[in-house]
Amino acid sequence: MLASMRNELAGLIERMTGDEKHDWAAGSTIDVLWVLYDRVLNVTPDTVDDPDRDRFLLSKGHGPMSYYAVLAAKGFLDHDLLDTWTSFGSPLGQHPDRVLVPGVEIGSGSLGHGLGLGVGTALGLRARRRRGRVFVLVGDGELDEGSNHEAIAIAGRLGLDRLTTVVVDNSSASHGWPGGIARRFDVEGWHTATVDGRDHDALHRAFTAAHPGRPSAVVATIEPEEYT
Amino acid sequence: MRDVFVHTVTDALDTDPRLAVVTADISSAAFDDARARHPDRVVNLGIREQAMIGVAGGLALTGLRPVVHSYAPFLVERPFEQLKLDLGHQDVGAVLVSIGGSYDAPASGRTHQSPADVALLDTLPGWTVHVPGHPDEVEPLLRDAIAGTGRVYLRLSTRENTTAHPIGRFSPLRQGSRGVVLAVGPTLDTVLDVTSTLDVTVLYASTIRPFDHAGLLAAVAGSRPNVVLVEPYLAGTSAHGVGEALADVPHRVRSLGVRRDVEVRAYGTPPEHDVVHGLDADGIAASIRAFL
C-alpha cells in the first residue's frame, strides 16, 4: 500500500475508538479491503443500487473500523460520520448494518452468515442474468462455524463462478486448519490461491484470476507479528 | 395441503420471474419438473438447513422472491438465527412453507415435532403467519404471499377441516352470548363439534399473525368477555394477542394447545397425542365447559 494511503486510512481508523479488542481484526483486513475497493470491485457511491454492481459482503463483521475507513476514503461515507461511531443515532456501530449505511451489502456480526448469503446472492445474480460478482470476506476463526461449511460445499456443487471468498487468515482459529485453509475449499471444487495478505499486487491477481465454472477462494495470510 | 402447495408454486414459477424455490432435500423431488424448466430458480441444497435460509436471504437481496420449504423443525427451529439475521436483520422477505407441524407424524418422535414454531417466529418482528385448515385455503394464501415482499410463514398440516372457510380476518361462524371461542386452522372442526350445543361465538382464523384485534374485539362486544383460544401449536402462543385486543376490556382467557409443561415421549398417532394435550373433542369440551 502506498504510504500516503496507509496514513490516510490509519487517520480515519483512529477517529473510531472504543473497540480496541478488535484492532487486530481491523488491522488484518485493511489491505484486502483496500485492494478490493481500489482495484477490483465495480461499485461506486453512485451505483450502490445498480443491479449489475459487484457486491462485497463483510461476513466477519467484527472490527469494521477498516471497512468504514475504506468506505470513507472511497466516498461511500462522510468522513465526519466516523466521529459518531457507536453513538446512539450513528449509522456506524461495532458491527455493520446494511439498512443504516448505503453501500454496505449485509448486516453482520454474528459469525458464519456471510457465505450463505453470498451463495444466495450469486445464485440470484445468475438467475437474473446480472453481471455482478460477489466477494465475501471471512476470517479463519470464523470458519469454525459449521454454517460456513454448508455454504462452501454447496457453492462448489453449484459451480458459482461469480463468487469469491476471501479468507483473511490471521491465525485466529483456536484449533487451526491442518493442511491449510485452501484445502478445505479445494476438496469442494473451488479454485484456490493462498497469497500474502499485505501484497497488493498478489491480492489483485488472485481476486481477478479466471475461475470458470467454479467459485474462487483466496486465502490472504497475515503474519501475527505484524500487529502486536 | 402439500400437493396444493407444490402445484401452486410450480404454476407460479412459469409466470412470475421473481419467484425462486429453495429446498433441503425434503419434498425436493416434487419440484423435479419445475427444476427442469427453471434450473436457476429451483434449487435443492441437500440437507443444509442453515444454508437454506442464508441462500434465501441472498436471493431476496437480488430482488427474487424465495419460497423455502421443509419439515417444520428443520425450517424454523434448526436455522432460527438465520431467520432472525439472514431475513429479518437484512430487511428482506421470504415465504416459508412447512409441513409436519406440531405432531402430524408422532411415530417419528420428538425430533420431528415442532409445536413451538409459531411461538418462535412470534419473537421476531414483521412475520405474517398463516395456519390453513383446509387445502382450498392454501392456494389463495400462498398466491397472496408470493405476490408480496414480506416475511410469511405458511404452516401446512395433514390435519384438515371438512370444509374451507373465508381467509383473511377472523371469521365469525357462529354467534353466542356466553363467550368467544377462537379456533385456529385445523382445530375448527373439533371446536364446532363440541360447541354445537353451547351458547358461544365461534371465530375461525387461518391467519393468526397479524392478530386480528378488531375482529376479536367485535366478537367480544356481542358476548361475555370470556375468550377461549384453541391453537394447534404451543398453548398460549396467541394469548398476548388477546390481551392487546382487549386491553381496555375486562376479560378472561383460557388457552388450549400443545402442552408446555411436558415433553411427550410417545409415538403413536395424532389423535392419541390430541388426548395427551387435551385437544381431542372430550378435552376441548371439558375445558370450555369448565371455563364458562
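Residues numbered from 1 in each chain as written. Chains lettered and ligands numbered in written order. Predicted model: local features only at pLDDT ≥ 70, side-chain atom pairs only at ≥ 80, totals over all residues. Heavy atoms only, no water.

As recorded in an unreviewed UniProt entry, chain B goes by Transketolase and comes from Actinophytocola gossypii.

An unreviewed UniProt entry lists chain A under the name Transketolase, with Actinophytocola gossypii given as the organism.

*Asks:* Would you mind going over the overall build of chain A with me for this structure?
*Replies:* In terms of helices and strands, chain A carries 7 helices and 5 strands. Scanning chain A from its N terminus toward the C terminus, one meets helices and strands in the order α-α-β-α-α-β-α-β-α-β-α-β. C-alpha extents for chain A along the principal axes are approximately 45 × 40 × 30 Å. Across the 228 residues in chain A, those meeting the buried criterion constitute 57%. Of all intrachain contacts in chain A linking residues separated by at least 6 positions in sequence, the fraction that spans at least 24 positions is 78%. (Helix = DSSP H or I, 4+ residues; strand = E, 2+ residues; numbered from the N terminus. Buried < 20%, exposed > 50% of the residue type's maximum accessible area, 1.4 Å probe, protein only. Contact = heavy atoms within 4.5 Å.)

*Asks:* How should I be thinking about the pattern of salt bridges in this particular structure?
*Replies:* Pairs can form between side chains of opposite charge whenever their charged atoms are close. Residue and element names in this part refer to chain A. Scanning the entire structure with this criterion turns up 25 salt bridges over all chains. With its nearest N and O atoms 3.8 Å apart, the salt bridge here joins Asp 52 to Arg 131. Highlighted residues: Asp 52 in the loop between α2 (23–40) and β1 (55–58) and Arg 131 in the loop between α4 (114–127) and β2 (134–139), separated in sequence by 79 residues. Each of the salt bridges in this network shares a partner with another, and the network as a whole consists of Arg 15, Asp 80 and Asp 83. (Salt bridge = Lys/Arg side-chain N within 4 Å of Asp/Glu carboxyl O.)

*Asks:* Teacher, can you tell me more about the domain arrangement of chain B here?
*Replies:* As a measure of interface size, the accessible area lost when the parts come together is often cited. Residue and element names in this part refer to chain B. Segmenting chain B into domains produces domain 1 (2–155) and domain 2 (171–291). Between domain 1 and domain 2, the C-alpha centre-to-centre distance is 26 Å. Contacts between domain 1 and domain 2 engage 25 residues on the former and 26 residues on the latter. Interface area, domain 1 with domain 2, both sides summed: about 1900 Å², of which 60% is carbon and sulfur. Counting across the interface, domain 1 meets domain 2 through 2 salt bridges. The interface formed by domain 1 and domain 2 contains 11 residue pairs in polar contact (both at pLDDT 80 or more). Counting residues per element, the ones that place at least two in the side of domain 1 that touches domain 2 are α6 (117–121), β5 (127–130) and α7 (135–147). (Domains from an automatic or database assignment. Buried area = accessible area lost by both parts, 1.4 Å probe. Polar contact = N/O pair within 3.5 Å; in protein donor to acceptor, adjacent residues only side chain to side chain.)

*Asks:* Sorry if this is basic, but what is going on with the packing of helix α3 (residues 49–61) of chain B against helix α5 (residues 80–89) of chain B here?
*Replies:* The angle between the axes and the distance between the axes are what describe a pair of packed helices. Residue and element names in this part refer to chain B. Look at α3 against α5: their axes get within 8 Å of each other, and the N-to-C directions meet at 10°. By the angle between their directions, the pair α3 and α5 is classed as roughly parallel. Between α3 and α5 lies a crossing whose hand is right-handed. Taken together, the residues of α5 that come into contact with α3 (itself represented by Gln 50, Ile 53, Gly 54, Ala 56 and Gly 57) are Gln 82, Leu 83, Asp 86 and Leu 87. A breakdown of the residues in the contact of α3 with α5 according to their chemical character gives 4 nonpolar, 4 polar and 1 charged. (Axes fitted to C-alpha atoms, helices over the stretch in contact; angles between N-to-C directions. Parallel < 35°, antiparallel > 145°, perpendicular 65-115°, else oblique. Left-handed = near helix turned anticlockwise from the far one by under 90°. Nonpolar A, V, L, I, M, F, W, Y, C, P; charged D, E, K, R; others polar.)

*Asks:* Would you take a moment to explain the side chain of Thr237(B) for this structure?
*Replies:* Residue and element names in this part refer to chain B. With respect to the helices and strands, Thr 237 occurs in the loop between β11 (226–234) and α10 (239–245). Within the structure, Thr 237 has its side chain in polar contact with the backbone oxygen of Leu 234 (distance 2.6 Å). Setting aside its immediate chain neighbours within four residues, Thr 237 contacts Val 118, Ala 119, Asp 122, Arg 209, Glu 231 and Arg 260.

*Asks:* In this structure, what is going on with the side chain of Ser66(A)? I would like to understand it.
*Replies:* Residues and elements named next belong to chain A. By the element assignment, Ser 66 lies in helix α3 (residues 65–73). When its relative accessible area of 0% is taken as the criterion, Ser 66 is described as buried. Leaving out residues up to four positions away in the same chain, Ser 66 has contacts with Ile 13, Ala 26, Gly 27, Thr 29, Ile 30 and Leu 33.

*Asks:* Hey, could you run me through helix α9 (residues 213–221) of chain B in this one?
*Replies:* A turn of α-helix holds 3.6 residues, and therefore any two residues three or four places apart point the same way. Residues and elements named next belong to chain B. Buried within α9 we find Gly 215, Leu 216, Ala 219 and Val 220. Each buried residue of α9 sits inside an arc of 130° when the element is viewed along its axis, so together they form one side. For α9, exposure combined with an orientation more than 90 degrees from the buried face picks out Ala 218 and Ala 221. Packed against the buried residues of α9 are β8 (180–184), β9 (201–205), β11 and α10. (Arc of directions from axis to C-beta.)

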